[in-house]
Amino acid sequence: MVVMAALSAAGCTSFHRAIRIPNVYRVQAGGNPLMEQRTREHLESLLTSPHFSRRGMKFGGDVVLKPVPAVRRDVRGIPFFTSVREEVRDRSGGLTVFTGRLRPVVIVIAVLPDGTWDDRTLEHEAAHAILLWNGIAGHPAQYRGVVPLWD
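The residue numbering used here restarts from 1 in each chain and proceeds along that chain's sequence as written. Local features are withheld for residues below a pLDDT of 70 in this predicted model, meaning they are given only at 70 or higher, and side-chain atom pairs are given and counted only at 80 or more; totals for whole chains, interfaces and linings count all residues. Water and hydrogen atoms play no part in the side-chain values, which are based on all heavy atoms of the structure.

Which parts of the structure should I look at to understand the overall build of the protein chain?
Secondary structure assignment for the protein chain yields 5 helices and 7 strands. To qualify as a helix, a DSSP run of H or I must reach at least 4 residues; to qualify as a strand, a run of E must reach at least 2; elements of each kind are numbered from the N terminus. Ordered by position from the N terminus, the helices and strands of the protein chain form the series α-α-β-α-α-β-β-β-β-β-β-α. Each residue's exposure class comes from its accessible area (1.4 Å probe, protein chains only) as a fraction of the maximum for that residue type: buried when under 20%, exposed when over 50%, partly exposed otherwise. Per-residue burial for the protein chain yields a buried fraction of 38% across its 151 residues. By sequence separation, contacts in the protein chain at least 24 residues apart represent 60% of the contacts at least 6 residues apart. Accessible area for the protein chain stands at about 8700 Å²; split by element, carbon and sulfur atoms hold 57% of it. When checking whether two residues touch, look at their non-hydrogen atoms; a contact exists if any pair is within 4.5 Å. Using a 1.4 Å probe, the Shrake-Rupley method yields the accessible areas, and only the shown protein chains count as cover for residues.

Mind showing me how you'd approach the packing of helix H3 (residues 33-48) against helix H5 (residues 119-133) here?
Helices that pack against each other are described as a pair by the angle of their axes relative to one another and the distance between those axes. Interhelical geometry of H3 versus H5 gives an angle of 55 degrees and a closest axis separation of 9 Å. With respect to their mutual orientation, H3 and H5 come out oblique. Seen along the crossing, H3 lies across H5 with a hand that is right-handed. Of the residues in H5, those in contact with Met35, Arg38, Thr39, His42, Leu43, Leu46 and Leu47 of H3 are Asp119, Leu122, Glu123, Ala126, Ala127 and Ile130. Comment: axis = line fitted to C-alpha atoms, over the contacting stretch for helices; angle = value between 0 and 180 degrees taken between N-to-C directions. Here is the rule for angles: anything less than 35 degrees is roughly parallel, anything more than 145 is roughly antiparallel, 65 through 115 is roughly perpendicular, and the remaining ranges are oblique. Handedness of each helix crossing follows the sense of rotation of the near helix against the far helix: counterclockwise by less than a right angle gives left-handed, clockwise gives right-handed.

For this particular structure, what's the right way to read the side chain of serine 92?
In this fold, serine 92 is placed in strand E5 (residues 88-92). Definition of a polar contact: a pair of N or O atoms within 3.5 Å, with one able to donate and the other able to accept a hydrogen when the atoms are protein atoms, and with sequence-neighbouring residues admitted only if both atoms are side-chain atoms. Among the polar contacts made by the side chain of serine 92, one reaches the main-chain carbonyl oxygen of glycine 94 at a distance of 2.5 Å.

Any chance you could explain the nonpolar core here in plain terms?
Among buried residues, the Ala, Val, Leu, Ile, Met, Phe, Trp, Tyr and Cys ones that are joined through side-chain atoms within 4.5 Å form a nonpolar core. Within the largest apolar cluster, 26 residues are counted, with the highest numbers of intra-cluster contacts made by Met35, Phe52, Phe59, Leu65 and Ile130. The set of elements that each furnish at least two residues to this core consists of H3, strand E2 (63-69), strand E7 (105-111) and H5. Looking at which element gives the most residues to this core, the answer is H5, with 7 residues. Contacts of phenylalanine 52, omitting those with residues within four sequence positions, involve Leu46, Leu47, Met57, Ala127, Ile130, Leu131, Tyr143, Val146 and Val147. Counting 6 residues, the second largest nonpolar core, distinct from the first, contains Ala70, Phe81, Val108 and Ala110.

Help me out: how do you make sense of H3 in this one?
Structurally, the α-helix is built with 3.6 residues per turn, so residues lying three or four positions apart point the same way. A helix is expected to span 1.5 Å for every residue after the first. Taking 1.5 Å per residue, 16 residues should reach 22 Å; H3 reaches 22 Å between its end C-alpha atoms and fits that length. Every buried residue of H3 is accounted for by Met35, Glu36, Thr39, His42, Leu43, Leu46 and Leu47. Viewed end-on, H3 has its buried residues packed into an arc of 130 degrees, placing them on one side of the element. Exposed positions of H3 whose direction lies more than 90 degrees from the buried face are Pro33 and Thr48. Of the surrounding elements, those touching the buried residues of H3 are strand E1 (27-28), helix H4 (50-53), E2, E7 and H5. To obtain the arc, one takes the directions from the helix axis to the C-beta atoms.

Teacher, can you tell me more about the confidence of the model for the protein chain here?
A low pLDDT means the predicted coordinates there should not be read in detail. As a per-residue quantity, pLDDT reports the predictor's confidence and falls between 0 and 100. Confidence in the prediction for the protein chain averages 80 pLDDT; 77% of positions are at 70 or higher. Of all secondary-structure elements in the protein chain, the lowest mean pLDDT belongs to helix H1 (residues 2-10), at 38, while H5 reaches the highest, 95.

Can you help me understand unusual backbone geometry in this one?
Peptide bonds are trans in most cases, and residues, glycine excluded, mostly fall at negative phi. Phi at leucine 149 takes a positive value of approximately 60 degrees, unusual for a residue other than glycine. Assignment of secondary structure puts leucine 149 in the segment after H5. Taking relative accessible area as the criterion, leucine 149 reaches 22% and is therefore assigned partly exposed.

Put into structure tokens, the structure is as follows:
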């Protein structure tokens, strides 16, 4: 009875974290079910790939997808957005924000006016979400050739 009360207090959104089930997560894209589905597929594909699984990679975070309007495409055909930060103009097709395991991983993805995005970019950002969850930042060389656009 006490256990059920504790689980109810934790809420269903953090239930999997409370009992530490690996590779259980939610994906939310604000009404874009196709983007949610593709993100889940990329996460599962990466987690079950030999390259990630033999390294013991796990993922138990929730993902919030944030589409932003793409400005145009680069020479590879990848839609990108620009952000202006202090004295730096940055352009990117996607961005993954990880602020710790108790908060959702936020994936920002450039979306064209017709509602499409570059799926390679989405898979690239999904790989960042998994790696960041496992304490690995940046673009480690051992994932080159495994993750799209990993230059």
